[in-house]
Amino acid sequence: MALFMINRYLGEEEDCESSRESRSRALLAKLQEQVKARERQSISNTPDEDDDHQGDKEHKKRKCEEPELEEVQCKTKKSEKVRKTDLADEVASSAKKKKKRKSLSTENESMDTGEKESNNEKSIEITETSESDIAENKKTEEEENKKPEESVEPQISQEAKTENSSSQSGFHILGGFEEKTVQKVKRVLPQWLAQPDVIQRDITSNLIPISEVPGICPTLLKKLETNGIQSFFPVQAEVIPAILESVGSGLLVGPGGYRPRDICVSAPTGSGKTLAFVIPVVQALFKRVVREVRALAVLPTKELAQQVSKVFSTYTEGTSLKVVMITGQKTFAAEQIALSENRGGVSHSLADIVVATPGRLVDHINKNSNFSLQHVRFLIIDEADRMIDGMHQSWLSQVTKAVYRSTGDTQASVFKRILPGPITVASLSPPQIPLQKLLFSATLTQNPEKLQLLDLHQPRLFSSTHTCTETITQIQDTFNFPQGLTEYYIPCTLSKKPLIILHFLLRLKFSPALCFTNSRQAAHRLYLLVKLFGGVEVAEFSSKLSPGERQKTLKDFEQGKIPLLISTDAAARGIDISGVKCVINYDAPQYIRTYIHRVGRTARAGKVGSAFTFLLEVQEKNFLQMVKDAGSPGIQRHFVQPEALKSMEARYEQTLAELSKVVKEENAKKRF
Ligand SMILES: Nc1ncnc2c1ncn2[C@@H]1O[C@H](COP(=O)(O)OP(=O)(O)OP(=O)(O)O)[C@@H](O)[C@H]1O
């Protein structure tokens with residue numbers, strides 16, 4: 001029975017060593033045969049002019065082959081790495097002999113020599129004569145790796161060609177200028193990232209009745225039905241049983257006494273990721289006896305924390321489980337009171353589930369001595385890619401410290417927590433409460449280096465973007481877009497942008513519409529312009545508003561009181577506003593992740609929606625390439641006829657004049 005599993009990142013190098021050695025031996029034998037044949041041939045040949053030349057060639061070839069032979073012999077003995085070093089040594093020693101040399105730096109060279117030189121620009125040496133040896137050594141090395149079974153004949157004739165051409169110029173240029181098929185650099189991902197559990201992207205045709213998903217308790221099934229959930233979305237049907245399975249042995253020990261695997265989920269915007277963690281976490285906590293903070297959900301913004309806290313509260317309602325939100329919306333003291341109480345001189349937790357923003361969470365860890373994370377079983381990181389980017393705040397290391405903080409209690413507790421190290425018999429005894437990380441995002445990075453920052457334990461990935469290692473050639477991450485989303489771009493000029501917005505709202509009745517700008521100033525200016533133009537109710541949403549104002553604005557927009565909401569990226573991530581028919585990127589987003597989250601405010605939960613991006617001529621090429629590379633199913637061109645805007649132009653000019661007055665007034669007010 002396997003006691004534990006060791007994951008190795010073997011990549012493509014797996015088992016290459018022995019096959020390379022046998023290939024090297026085969027090549028060596030062939031080369032030796034070849035040399036003997038030529039020797040025989042040269043003895044039998046009568047010397048005429050051509051033959052002399054041929055003899056010269058043969059001599060040169062042999063000369064060229066000698067290092068090749070040596071090299072191959074070396075190869076049979078040494079590993080790939082050592083061979084590379086030998087080659088480098090040969091280059092160096094040959095270089096010493098020749099004094100005249102030049103250095104040429106070229107990126108093409110690195111492509112030609114494939115993996116070996118793919119990372120850096122290389123310095124290529126140009127010498128008068130014997131660099132051909134080096135070149136041939138290199139070639140042999142390459143060809144040996146590529147097609148070992150081929151005869152050496154083509155190499156030699158190619159060699160002769162190179163020599164002919166070099167004899168005209170007097171020196172050899174190594175690589176770079178011949179047309180060669182360039183090998184694409186393949187990205188090698190660790191197995192858990194390369195082979196995830198696949199989640200279906202199409203929600204509507206993959207709904208699973210809630211009763212068919214195993215392990216959900218009757219209380220929660222009833223609550224789901226009460227909240228209008230008859231079926232689970234694909235991400236929920238996959239992830240809920242996986243989390244429930246990891247708490248199969250109870251809250252205090254992992255399955256079989258081992259630490260459970262961390263779970264990462266990458267699924268499109270609006271695919272129902274929130275319920276995918278709320279349901280299993282709530283069900284797992286039903287079993288708890290003493291109230292302690294056992295689940296901690298961390299989100300990047302107050303609005304998102306509020307949204308998630310609301311879902312937790314819905315499913316814990318009527319139970320003894322308590323949800324507390326710490327985001328800075330209330331005062332620190334008020335949050336302290338909500339988190340714990342002092343009874344008989346001993347602090348008792350009042351929360352089972354804490355939903356927090358990282359800044360406020362760190363404040364409580366450092367300044368609230370009654371706030372304990374020592375019993376946390378689930379650490380939920382929503383919008384995980386954004387949270388990784390915010391890692392410079394070191395919130396995660398502070399949380400980890402707080403989770404494994406020693407109480408100073410010298411009494412040996414059965415469930416004492418120590419920072420987990422490698423799995424050994426000693427480390428498994430006594431068992432301890434495991435900390436399981438649950439990561440969720442629509443744009444989870446596939447960059448192992450970034451994910452490494454989260455210190456994941458044997459992670460398991462659920463992803464709707466299934467990419468197999470063999471096919472991955474690009475470095476950029478690819479993502480899945482919601483099935484019901486139609487993407488458009490609108491070629492336009494700066495001055496026409498506001499008119500097109502008005503045309504969309506007033507004529508085409510594209511509402512409710514959520515319009516994104518790249519800055520607070522731009523959002524405010526556009527808001528003023530549309531308001532002054534008249535004919536459509538409009539509101540703005542940005543960090544300029546107070547949390548209360550932001551909440552009210554979102555509510556009014558959701559209720560249909562405001563058909564157009566102009567926002568910064570403050571509303572781009574995670575915000576779930578039902579019924580948004582259309583997203584307009586008034587300013588094209590700079591990053592693909594921003595684009596995916598912005599357009600993901602529509603076409604949610606299996607519904608349809610459209611996204612329009614205004615593009616200036618200079619932006620078109622790069623933007624369309626970025627969207628294509630990210631895996632977009634296709635972005636269509638939508639052209640707005642200038643005639644369609646004509647009738648609005650006079651009023652628009654007038655509005656612009658009014659706008660400059662209003663802006664001046666506002667600026668003057670700010671000064672006083
Ligand atoms: N099984 C379900 N049946 C019906 N509606 C659901 C179901 N699951 C989730 N929803 C609804 O789908 C909407 C989107 O869900 P949620 O906000 O969890 O998406 P998400 O994947 O977290 O999106 P984002 O990546 O943008 O944050 C919500 O309004 C939610 O109530």
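The protein goes by ATP-dependent RNA helicase in an unreviewed UniProt entry, where it is assigned to Cirrhinus molitorella. Of the protein, the UniProt comment under Catalytic activity (unreviewed entry) reads exactly: "ATP + H2O = ADP + phosphate + H(+)". Quoted verbatim from the Sequence similarities (unreviewed entry) field of UniProt, the annotation for the protein is "Belongs to the DEAD box helicase family. DDX51/DBP6 subfamily."

Asker: Would you mind showing me how to read the sheet that holds strand β15 (residues 485–491) here?
Answerer: Picture the strands of a sheet paired through backbone hydrogen bonds; they go either parallel or antiparallel. The seven strands lie next to each other as β17-β18-β16-β19-β20-β15-β21, forming an open sheet whose pairing is parallel. The open sheet terminates on both sides in strands that have one partner only, identified here as β17 (538–541) and β21 (635–637). Sheet twist, expressed as the average angle between the axes of neighbouring strands with direction ignored, equals 25°. Bridge count for β15 against β21 is three bridges, and the pairing is parallel.

Asker: Sorry, what's going on with the side chain of Ser309 here?
Answerer: Locating Ser309 in the fold gives a position in helix α11 (residues 302–316). Apart from the residues lying within four places of it in its own chain, the contact partners of Ser309 are Val323, Met325 and Val355.

Asker: Would you take a moment to explain the pattern of salt bridges for this structure?
Answerer: Any two side chains of opposite charge can pair, on the condition that their charged atoms come close. Counted under the stated rule, the structure contains 17 salt bridges. When the shortest N-O distance is used, the salt bridge between Glu383 and Arg573 registers 2.7 Å. Of this pair, Glu383 sits in the loop between β12 (378–382) and α14 (384–389) while Arg573 sits in the loop between β18 (564–567) and β19 (582–585), and the two are 190 residues apart along the sequence. For Glu383, a relative accessible area of 8% gives the class buried. Linking Asp569 and Arg598 is a salt bridge whose minimum nitrogen-to-oxygen distance equals 2.7 Å. Here Arg598 lies in helix α20 (residues 592–599) and Asp569 lies in the loop between β18 and β19, a separation of 29 residues in the sequence. The exposure class assigned to Asp569 is partly exposed, which follows from its relative accessible area of 34%.

Asker: It is not clear to me how the nonpolar core should be interpreted in this structure. Could you clarify?
Answerer: For soluble globular proteins, nonpolar side chains are generally found buried alongside one another. By size, the foremost hydrophobic cluster in this structure holds 75 residues, and its most contacted members are Val265, Phe312 and Phe378. The biggest single contributor to this core is helix α10 (residues 273–285), with nine residues. Residue-level mapping places this core at the junction of two domains, with at least three residues from each of domain 2 (199–409 + 432–474) and domain 3 (485–671). Residues contacting Phe378, with those up to four places away along its chain left out, are Ile243, Val247, Leu251, Val281, Ala284, Leu285, Arg294, Ala295, Leu296, Gln436 and Leu438. The next biggest cluster of nonpolar side chains, apart from the first, holds 38 residues, and it includes Ala194, Phe371, Val376 and Leu451.

Asker: Would you explain the site of the ligand in this entry?
Answerer: Taken together, 20 residues lie around the ligand, and Ser231, Gln236, Lys273, Thr274 and Asp576 are the ones closest in. Contact distances for the ligand include 2.7 Å between an oxygen atom and a side-chain N or O atom of Thr274. With respect to the ligand, the side chain of Asp576 contributes an N or O atom lying 2.5 Å from an oxygen atom. The protein chains hide 81% of the 640 Å² of surface that the ligand would expose on its own. No other element matches α10, which puts three residues into the shell around the ligand. Looking at the shell around the ligand residue by residue, the classes come out as seven nonpolar, eight polar and five charged. When residues are assigned to domains, the shell around the ligand turns out to be shared by domain 2 (199–409 + 432–474) and domain 3 (485–671), each giving three or more.

Conventions we followed
Residues numbered from 1 in each chain as written. Predicted model: local features only at pLDDT ≥ 70, side-chain atom pairs only at ≥ 80, totals over all residues. Heavy atoms only, no water. UniProt positions renumbered as here; feature names shortened; annotations may be inferred. Pairing = 2+ DSSP bridges. Helix = DSSP H or I, 4+ residues; strand = E, 2+ residues; numbered from the N terminus. Axes fitted to C-alpha atoms, helices over the stretch in contact; angles between N-to-C directions. Contact = heavy atoms within 4.5 Å. Salt bridge = Lys/Arg side-chain N within 4 Å of Asp/Glu carboxyl O. Buried < 20%, exposed > 50% of the residue type's maximum accessible area, 1.4 Å probe, protein only. Core = buried A, V, L, I, M, F, W, Y, C linked by side-chain atoms within 4.5 Å. Domains from an automatic or database assignment. Near = heavy atom within 4 Å. Polar contact = N/O pair within 3.5 Å; in protein donor to acceptor, adjacent residues only side chain to side chain. Areas by Shrake-Rupley, 256 points an atom, 1.4 Å probe, with all protein chains shown as cover. Nonpolar A, V, L, I, M, F, W, Y, C, P; charged D, E, K, R; others polar.

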